[in-house]
Amino acid sequence: WAMLIFFSVLMIVSMLVTDEVTSYRATADEGDELADVLLEDFGSMWSCLLCMLQVVTGGRDWGQVAKPLFDVSFVLGICFCIFVCFTMFLVLNIVSSIFVQLAIGMA
């Protein structure tokens with residue numbers, strides 16, 4: 001159940017971020033550097049999902065990923081930070097507690 005919740009939250013946030021980034025890129029000027037940076041990490045649903053997974057698992061620094069999102073929209077940046085906090089402190093602690101509970105049960 002914990003992994004299902006984790007991936008559900010990951011998918012929902014990825015959809016939100018991809019939608020907002022796509023909207024920004026559609027209205028951006030031709031030579032907009034931010035649009036190029038966003039295309040690399042958030043150009044598609046799967047690249048956004050991979051980027052979010054890397055942030056949560058420690059593969060990437062979340063501050064570097066959040067910076068372009070704050071440039072797109074302050075609210076989007078805050079939503080991303082809330083996602084990181086929610087995932088790191090709640091979901092991963094639940095997964096850890098399940099493993100600890102199983103280890104105690106085996107002892």
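None of these values were measured; they are calculated from a predicted model. (Residues numbered from 1 in each chain as written. Predicted model: local features only at pLDDT ≥ 70, side-chain atom pairs only at ≥ 80, totals over all residues. Heavy atoms only, no water.)

## Observations regarding the pattern of salt bridges
Here comes step 1: Scanning all chains against the criterion turns up two salt bridges.
Here comes step 2: The partner of aspartate 41 in a salt bridge is arginine 60, with the nearest N and O atoms 3.0 Å apart. Taken together, the positions of aspartate 41 in helix H2 (residues 33-42) and arginine 60 in the loop between helix H3 (45-57) and helix H4 (62-72) put the pair 19 residues apart, joining distant regions of the chain.
Here comes step 3: Overall, the relative accessible area of 27% leaves arginine 60 in the partly exposed class.
Here comes step 4: The partner of aspartate 71 in a salt bridge is lysine 67, with the nearest N and O atoms 3.4 Å apart. With aspartate 71 and lysine 67 both in helix H4, this residue pair falls four residues apart, about one helical turn. (Salt bridge = Lys/Arg side-chain N within 4 Å of Asp/Glu carboxyl O. Helix = DSSP H or I, 4+ residues; strand = E, 2+ residues; numbered from the N terminus. Buried < 20%, exposed > 50% of the residue type's maximum accessible area, 1.4 Å probe, protein only.)

## Quick look at the environment of glycine 43
Here comes step 1: On the secondary structure map, glycine 43 appears in the loop between H2 and H3.
Here comes step 2: Classification of glycine 43 by relative accessible area gives partly exposed; the value is 27%.
Here comes step 3: Note: C-alpha distance between glycine 43 and methionine 88 (45 residues apart in sequence) is 24 Å.
Here comes step 4: With near-sequence residues (within four places) excluded, glycine 43 lies in contact with Arg25 and Leu38. (Contact = heavy atoms within 4.5 Å.)

## Here's the deal with the nonpolar core
Here comes step 1: Residues Val17, Phe42, Met52, Leu69, Phe80 and Phe83 are the most contacted members of the largest nonpolar core, which totals 24 residues.
Here comes step 2: Those elements giving two or more residues to this core turn out to be helix H1 (2-27), H2, H3, H4 and helix H5 (74-106).
Here comes step 3: Setting aside chain neighbours within four positions, we find leucine 69 in contact with Val17, Val21, Leu38, Phe42, Leu76, Gly77 and Phe80. (Core = buried A, V, L, I, M, F, W, Y, C linked by side-chain atoms within 4.5 Å.)

## Let's talk about the environment of serine 97
Here comes step 1: Here serine 97 lies in helix H5.
Here comes step 2: Separated by 91 residues in sequence, serine 97 and phenylalanine 6 have C-alpha atoms that sit 14 Å apart.

## Here's the deal with a nonpolar patch on the surface
Here comes step 1: Together, Phe74, Val75, Ile78 and Ile82 give the surface a local cluster of nonpolar side chains, amounting to about 410 Å² of exposed area.
Here comes step 2: Inspection of the secondary structure puts phenylalanine 74 in helix H5. (Patch = residues over 30% accessible without salt bridge, like charges linked within 9 Å, V, L, I, M, F, W, Y side chains within 5 Å. Areas by Shrake-Rupley, 256 points an atom, 1.4 Å probe, with all protein chains shown as cover.)

## Some words on the side chain of threonine 18
Here comes step 1: Among the secondary structure elements, threonine 18 is positioned in helix H1.
Here comes step 2: Of note is the side chain of threonine 18, whose polar atom sits 2.7 Å from the backbone oxygen of serine 14.
Here comes step 3: Threonine 18 has contacts with Phe42, Ser44, Met45 and Cys48, leaving out every residue within four places of it along the chain. (Polar contact = N/O pair within 3.5 Å; in protein donor to acceptor, adjacent residues only side chain to side chain.)

## Here's the deal with H5
Here comes step 1: Compared with an ideal rise of 1.5 Å per residue, which puts 33 residues at 48 Å, H5 spans 47 Å between its outermost C-alpha atoms and is within 8% of the ideal.
Here comes step 2: Its maximal kink placed at threonine 87, H5 deviates by approximately 35°.
Here comes step 3: Along H5, the positions that sit buried rather than exposed are Leu76, Gly77, Phe80, Cys81, Phe83, Val84, Thr87, Val91 and Val95.
Here comes step 4: The backbone nitrogen of valine 75 lies 3.3 Å from a side-chain oxygen of the residue at the head of H5, namely serine 73. (Expected span 1.5 Å × (residues − 1). Bend = angle between axes of the 7 residues up to and from the residue.)

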